[in-house]
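Residue-level structural notes
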Amino acid sequence: MQVLKFGGTSVANAQNIKKVRDIVAQKPSSDQLIIIFSAISGTTDRLLQCGRLASGGHLEFREILQQLVQDHLNLVKELLPLNNQSSLLSFVVHQFHEVEDICNGILLLNEFSGRTQDRIASFGELISSQVISAFFSSSGIKNEWLDARKLITTDSTFTYAAVNFRKTEENCRQLTALHSGSMLIMPGFIASDEKGNTTTLGRGGSDYTAAIIGAAAGASLVEIWTDVSGMMTADPRVVSNAKAIKEISYHEAMELSHFGARVIYPPTIQPLMDKKIPVWIKNTFAPEDHGTEINATLLMNGNTTRGISSINGIALLSLEGSGMVGIPGFSRRLFETLASHHINVILITQASSEHSICVGVEEHFSAKAKEAIDATFSFEIEKGNVNPLVIEKAMAIIALVGDQMKSHPGISGRMFGVLGRNGVNVRAIAQGSSERNISAVICGADILKALNVLHEEFFEATFKQLNLYVAGTGNVGSKLLGQIFQQQDFLQRHLRVQVRVVGLANSRHMIFSEDGIDLSNWKILLQKGEKMNTDTFIQRMQEKNLRNSIFVDVTANEMVAGTYEFIFPKSISVVACNKIACSSSFEYYTKLKKLSTEFNAQFLFETNVGASLPVIVSLNDLLRSGDNIHTMEAVLSGTLNFVFNNYDGKKSFASVVKQAQDEGYTEPDPRLDLGGTDVMRKILILAREAGQKMEMEDITNNGFLPASCFDGSVDDFYKEMLKHESHFKKLYDEAAAKNCKLKFVAQYSISPLGVGGA
Ligand code: ADP
Ligand code: ASP
Ligand code: MG
């Protein structure tokens, strides 16, 4: 006997239900099939919403109900031939009349108890399973519909009923004997208590129905058919590189599901593990895919970690106080209090000093927990031995799972290392002695980044995604974008690095795209973007909180250079060709360096000096290997090189400078190059990188332009240079007479007398 369960999306519409029929039709007829169906996706939510609206006196529930009726009637019309439809159409109408009656009752009584919630929610599965049963019959697949409420007996904990397995097994034996041989179709999720009231097994509980029936009837196999190709290494909606796991142990599957992998409802595994019944998770929309097999074998296939999952909406409760140390009974009282208020504890940590106990619970329990715990410890709180309970909300738990982690040291080191490097603060840690699960409590806002970096570290050893925020699209910026575009494929294929530009700005506009901006079309996209605002750009980058984020400053803007100090604290790296930050005050330069180290971010500015030559990195290497830098002498200005190489006294000096500007050699403001400021910035950066504490004012600049050139605007600058053509010609002729060339040389030397500049 095999038990198959099809989830909400698998039966969401007629097209999908036909896929389900094809899957079922291919099963060998020798094996008896029991097929469990969920409600059509979204139905349970909508039914419960109707109840909630009615209990608040809102008549809008009627519209939602009307839509539900319409959706189900349409489904019947699409699935069944015209002459077979009428009885099913009236069945659907009749069922929803019952729902409406219940809603009217709720409206009148102004009350929506757990019992009524279960009653209303049950209609989703009751209707879907009967519609599909009729469709199967009309497609020539013989089957019988059975009410799961006759099989599964539970207690009366409505909305989350506990199964009476002994009774359920007995029911199953009797009923399946009666129907042996034929295909049975049943609604998932629903059951009944001893008095015959409808109960439900908890949201997502149809998986559990399959497990209960499979275990009770001694199935040889249980298949959970859903909308993904198996249990994945992480939630595919959050981690786009998640991969399907081929094989997983019961324990691992259980840990993953308990920590948020909602592909399988957590209680599902236990009854199947007890009876050693193998479980497959398969994809209704890609039945040929392998899927995941869950079984008892301990896998030794080299993977120490099997998957990661997470739960959001966690509150961390901390009970602290010096009066707790060495005194037995505190934890007992804490947990008894939580249990007596039906507050489920998800994670527990206690430092060995016993000075504090920390527990993770679902956020909505936090107010109740605070009230109850403070009341329990009121005496100690009053005496000052224990502090009132501290609650931190909006937290999340991430869990790394794998049976083999216990025999491999260093996994937790890697886990916390990678979180730390990415600026994810870990607030509490729990690892069971089975070492099958390492859990960490982090801030809810970091969840996306944390899951992705952990996935990269443990499941994509050779794959890395870089998320770039590029500011500046002038000469250098647009070349850089072109280069990234050209190299994207190569980097991905050969180096397994995916470089994406997720934010882009120039002085006018900015755009963002979490999937990466289309670099073949960035100019048009940027032009249509919103108005640029530096603070907003930085803020968005911080809020997006993507892993491996890098801010690339390809501007020459002072305001942009002033933002780095706000970027590093989010563990976002900065790569700048903008020289302003590194040549600003020594205090700011060292502050940035410190921040980047403190927050594990890179601060790279190799192109500040020597363009693409590895000058800064070579200096750093020399220092690291114990050398001291005594002297530097360098021609540092590309602009001045161009100008001196092309000026021969025939064309005007001003026209050669203009040509350098037009060809993209100069800073946006050419006066910075011609006046020597750019060279001063560069030698300052080199001196600082050589370990020298130095400011711009410490540098002597022997400029060669008449001072009047710098009095007005850029236009005046050109005009003034023209006026002084004879000055430039004289410089040139004097050099030529000595068979020399003009150069603007920066010199740095450290001597017993101090530091010399250029
Ligand atoms: P069904 O309606 O078939 O029961 P669910 O929506 O309950 O389906 O569960 C399937 C969904 O679970 C997937 O679409 C996926 O988004 C989510 N999911 C979360 N974690 C995982 C994981 N580790 N592996 C696979 N799916 C996961
Ligand atoms: N229909 C129920 C729910 O939405 C049960 C299920 O789909 O598994 O929670
Ligand atoms: Mg489900």
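First things first, this report covers the structure right here in the doc. (Residues numbered from 1 in each chain as written. Chains lettered and ligands numbered in written order. Predicted model: local features only at pLDDT ≥ 70, side-chain atom pairs only at ≥ 80, totals over all residues. Heavy atoms only, no water.)

Turning our eyes to something else, we now look at the overall build of the protein chain. Along the protein chain, the regular secondary structure elements total 27 helices and 27 strands. Over its C-alpha trace the protein chain gives a radius of gyration of 35 Å, far above what one expects of a compact globule, namely 27 Å for 758 residues. Considering only C-alpha atoms, the protein chain reaches an extent of 115 × 75 × 55 Å along its principal axes. Residues counted as buried form 51% of the 758 residues belonging to the protein chain. Sequence separation of 24 or more characterises 71% of the internal contacts of the protein chain that already satisfy a separation of 6 or more. By element, 51% of the accessible surface of the protein chain is carried by carbon and sulfur atoms, the whole surface being about 34,600 Å². When the 72 basic and 81 acidic side-chain charges of the protein chain are each reduced to a single mean position, those positions are 3 Å apart. (Helix = DSSP H or I, 4+ residues; strand = E, 2+ residues; numbered from the N terminus. Rg over C-alpha atoms; globule rule 2.2 N^0.38 Å. Buried < 20%, exposed > 50% of the residue type's maximum accessible area, 1.4 Å probe, protein only. Contact = heavy atoms within 4.5 Å. Areas by Shrake-Rupley, 256 points an atom, 1.4 Å probe, with all protein chains shown as cover. Lys, Arg positive; Asp, Glu negative; His and termini not counted. Charge placed at Lys NZ, Arg CZ, Asp CG, Glu CD.)

The subject of this paragraph is the sheet that holds strand S14 (residues 356-362). With antiparallel pairing, the six strands of this open sheet are ordered in space as S13-S14-S12-S15-S17-S16. The sheet terminates laterally at strand S13 (345-350) and strand S16 (426-431), the two strands that pair on one side only. Put simply, the sheet's adjacent strands are angled 30° from each other on average, direction ignored. The pairing of S13 with S14 spans five bridges and is antiparallel. (Pairing = 2+ DSSP bridges. Axes fitted to C-alpha atoms, helices over the stretch in contact; angles between N-to-C directions.)

Where charged atoms from two side chains of opposite charge approach closely, those side chains can pair. As enumerated under the stated definition, the model contains 33 salt bridges in all. A salt bridge links Lys275 to Glu169; its shortest N-O distance comes to 3.2 Å. With Lys275 in the loop between helix H9 (269-274) and strand S10 (279-283) and Glu169 in helix H6 (residues 165-178), the pair connects residues that are 106 residues apart, well separated along the chain. Look at Glu169 and you get partly exposed, because its relative accessible area is 27%. Salt-bridge contacts for Glu514 lead to Lys544; the nearest nitrogen and oxygen are separated by 3.9 Å. Of the two residues, Glu514 sits in the loop between strand S20 (509-512) and helix H16 (522-527) while Lys544 sits in helix H17 (residues 534-544), which places them 30 residues apart along the sequence. (Salt bridge = Lys/Arg side-chain N within 4 Å of Asp/Glu carboxyl O.)

This part is about the site of ligand 2. Around ligand 2 lies a shell formed by Ser38, Thr44, Glu125, Phe189, Arg203, Gly204, Gly205 and Ser206. Side-chain polar atom of Thr44 to a nitrogen atom of ligand 2: 2.7 Å apart, as the coordinates give it. A distance of 2.7 Å separates an oxygen atom of ligand 2 from a polar side-chain atom of Arg203. Taken together, the residues of the shell around ligand 2 break down into one nonpolar, five polar and two charged. (Near = heavy atom within 4 Å. Polar contact = N/O pair within 3.5 Å; in protein donor to acceptor, adjacent residues only side chain to side chain. Nonpolar A, V, L, I, M, F, W, Y, C, P; charged D, E, K, R; others polar.)

Bringing the nonpolar core into the picture now. Core analysis: the largest hydrophobic core is formed by 95 residues, its most contacted members being Phe6, Ile35 and Phe136. Contacts of Phe6, omitting those with residues within four sequence positions, involve Val11, Val20, Ile23, Val24, Ile35, Ile36, Phe37, Ser38, Trp225 and Thr284. Judged by nonpolar contacts, the second largest core, of 70 residues, contains Ile616, Ala634, Leu684 and Ala690. (Core = buried A, V, L, I, M, F, W, Y, C linked by side-chain atoms within 4.5 Å.)

The buried count for strand S12 (residues 307-320) comes to eleven of 14 residues, which makes it a mostly enclosed element. The sheet contact formed by S12 and strand S15 (residues 390-401) spans nine bridges and is antiparallel. Bridge pairing in S15 places Ile314 opposite Met395. As judged from the seven bridges shared by S12 and S14, these two strands associate in the antiparallel manner. Bridge pairing in S14 places Ala315 opposite Val361.

What follows concerns the environment of Asp733. Assignment of secondary structure puts Asp733 in helix H27 (residues 725-737). A C-alpha to C-alpha distance of 8.6 Å links Asp733 and Asp648, two positions 85 residues apart in sequence.

Its identity is not glycine, yet Asn548 carries a phi of approximately 45°, on the positive side. Asn548 gets classed as buried once you look at its relative accessible area, which sits at 14%. Even without being a glycine, Asn739 presents a positive backbone phi close to 60°. Among the structural elements, Asn739 can be located in the loop between H27 and strand S26 (745-751).

Hydrogen bonds between backbone atoms are what pair the strands of a sheet, whose relative direction is either parallel or antiparallel. Spatially, the seven strands line up as an open sheet ordered S21-S20-S19-S18-S22-S23-S24, and their pairing is mixed. Each edge of the sheet is formed by a strand with only one pairing partner; in this case those strands are strand S21 (530-531) and strand S24 (603-604). Running over the sheet, helix H15 (residues 475-494) touches strand S18 (464-471), strand S19 (497-505) and strand S22 (549-553) and is turned about 155° from S19. Each of S18, S19, S20, S21 and S22 touches H17; the most contacted strand, S20, lies at about 10° to it.

On to helix H4 (residues 86-109). End to end, H4 covers 35 Å across 24 residues, agreeing with the expected 34 Å (1.5 Å per residue, within 8%). Those residues of H4 that are buried lie in contact with helix H2 (43-55), helix H3 (61-79) and helix H5 (114-138). Looking at the residues trailing H4, positive phi occurs at Asn110, about 65°. (Expected span 1.5 Å × (residues − 1).)

What follows concerns the site of ligand 1. Around ligand 1 sit 17 residues, and of these Thr226, Asp227, Met232, Arg237 and Arg262 come closest. Here an oxygen atom of ligand 1 and a side-chain polar atom of Thr226 are 2.7 Å apart. Note that a nitrogen atom of ligand 1 is positioned 2.8 Å from one of the backbone N or O atoms of Met232. The protein chains hide 89% of the 570 Å² of surface that ligand 1 would expose on its own.

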